[in-house]
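# Architecture and fold: a report
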Amino acid sequence: MVDAFAWIEYLDGTSRGARVRDLLEDARNTATTSVVTLAEVLSKFIRNRKDPTLALKAIEDNSAVEMVDTGLARLTGELHAEQRKKISDFGLADAFVLATARKKSARVLTGDPHFKTIPDAVLV
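Residues numbered from 1 in each chain as written. Predicted model: local features only at pLDDT ≥ 70, side-chain atom pairs only at ≥ 80, totals over all residues. Heavy atoms only, no water.

### Concerning the overall build of the protein chain
For clarity, the threshold we go by: We count a stretch as a helix when DSSP gives it H or I for four or more residues in a row; a strand needs E for two or more, and each element gets its number in order from the N terminus. The atom set for the radius of gyration is the C-alpha atoms, and the globule formula is 2.2 Å times the number of residues raised to the power 0.38. Relative accessibility thresholds used throughout: buried, under 20% of the residue-type maximum; exposed, over 50%; partly exposed, between the two (1.4 Å probe, protein chains only). Note that accessible areas follow from Shrake-Rupley with a 1.4 Å probe, and for residues the cover is restricted to the protein chains shown. Under this rule, positive means Lys or Arg and negative means Asp or Glu; His and the chain ends count for nothing. To locate a charge, the coordinates of NZ of Lys, CZ of Arg, CG of Asp or CD of Glu are taken.
Of regular secondary structure, the protein chain possesses six helices and four strands. Listing every helix and strand of the protein chain by position from the N terminus yields α-α-β-α-α-β-α-α-β-β. Relative to its length of 124 residues, the protein chain is compact, with a C-alpha radius of gyration of 14 Å against a globular reference of 14 Å. Residues classed as buried in the protein chain amount to 42% of the 124 residues present. For the protein chain, the exposed surface amounts to about 6900 Å²; the carbon and sulfur share of it is 52%. Once the 18 positive and 18 negative side-chain charges of the protein chain are each reduced to a mean point, those two points are 4 Å apart.

Here is the structure:
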């Protein structure tokens, strides 16, 4: 699961983004992006007056976009409530990423400090 933090670093071409690129290009890995993450990245591009089409194409070309259903929404709500007990500003989008990763038995690729204590996370 690639989260918004990792995608932004990748799209901005930073050193962290280079690590994301290496992981995306590694044939042993399969990348997935939550549709919620996709919306988050597109919003950031629009707010920063960047072409969101570039972000959309990069994400669609480099990962499978995972949709939300009621089962995933329920798991997200449960994880969000659980994480908010520990991290007061743990966001709902982060909970969608974590829930999707757990549903798929995957890890979260991120640089977001909200994930530093979460065993499912690979920090870049």
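### Some words on the packing of aromatic side chains
For clarity, the cut-off: Only Phe, Tyr and Trp rings are paired, with Trp represented by its six-membered ring, and only when their centres lie within 6.5 Å; those with planes under 30 degrees apart are stacked, over 60 edge-to-face, the remainder tilted. Two limits define a charge over a ring: the Lys NZ or Arg CZ must be within 6 Å of the ring centre, and within 35 degrees of the ring normal.
As enumerated under the stated definition, the model contains two aromatic pairs in all. Directly above the aromatic system of Phe45 lies the positively charged group of Lys50, at a separation of 5.3 Å from the ring centroid.

### With respect to the side chain of Asp120
What counts, and what does not: Polar contact is defined as a pair of N or O atoms within 3.5 Å, subject to the rule that within protein one atom must be able to donate a hydrogen and the other to accept it, and that residues adjacent in sequence are counted only when both atoms are side-chain atoms. Contact definition: two residues touch when any of their heavy atoms are within 4.5 Å.
Looking at where Asp120 falls in the secondary structure, it is placed in the loop between strand 3 (108-110) and strand 4 (121-123). Exposure remark for Asp120: the relative accessible area of 18% places this residue in the buried category. A distance of 3.0 Å separates polar atoms of two side chains, one belonging to Asp120 and the other to Arg102. Excluding residues within four positions of it along the chain, Asp120 makes contact with Leu98, Arg102, Ala106, Arg107 and Val108.

### Details of helix 5 (residues 70-86)
Stated precisely, the cut-off is as follows: How far a helix is expected to stretch is found by multiplying one less than its residue total by 1.5 Å. Note that the arc is defined by the directions from the helix axis to the C-beta atoms.
Under the 1.5 Å per step criterion, the end-to-end length of helix 5 is 25 Å for 17 residues, consistent within 8% with the ideal 24 Å. Listed as buried for helix 5 are Leu72, Thr76, Leu79, His80 and Gln83. Along helix 5, the residues classed as buried sweep out an arc of 110 degrees about the axis, all on the same side. Away from the buried face of helix 5 by more than 90 degrees, exposed residues Thr70, Arg74 and Lys85 are located. At its buried positions, helix 5 is contacted by helix 6 (92-103).

### Quick word on the pattern of salt bridges
To keep things clear, this is the line we draw: Put simply, a salt bridge is a Lys or Arg side-chain nitrogen that is within 4 Å of an Asp or Glu carboxyl oxygen.
Per the counting criterion, the structure on display carries 10 salt bridges. Here Asp69 ties to Lys103 by a salt bridge, and the two come within 3.9 Å at their closest N and O atoms. With a gap of 34 residues between them, Asp69 in the loop between strand 2 (64-66) and helix 5 and Lys103 in helix 6 connect regions that are remote in the sequence. A salt bridge links Arg74 to Glu78; the nearest nitrogen and oxygen atoms lie 3.0 Å apart. A residue pair is termed a helical-turn pair when its members lie 3 or 4 positions apart in one helix, as Arg74 and Glu78 do in helix 5 at four residues. Each of Glu66, Asp69, Lys103 and Lys104 takes part in a single network of salt bridges with overlapping partners.

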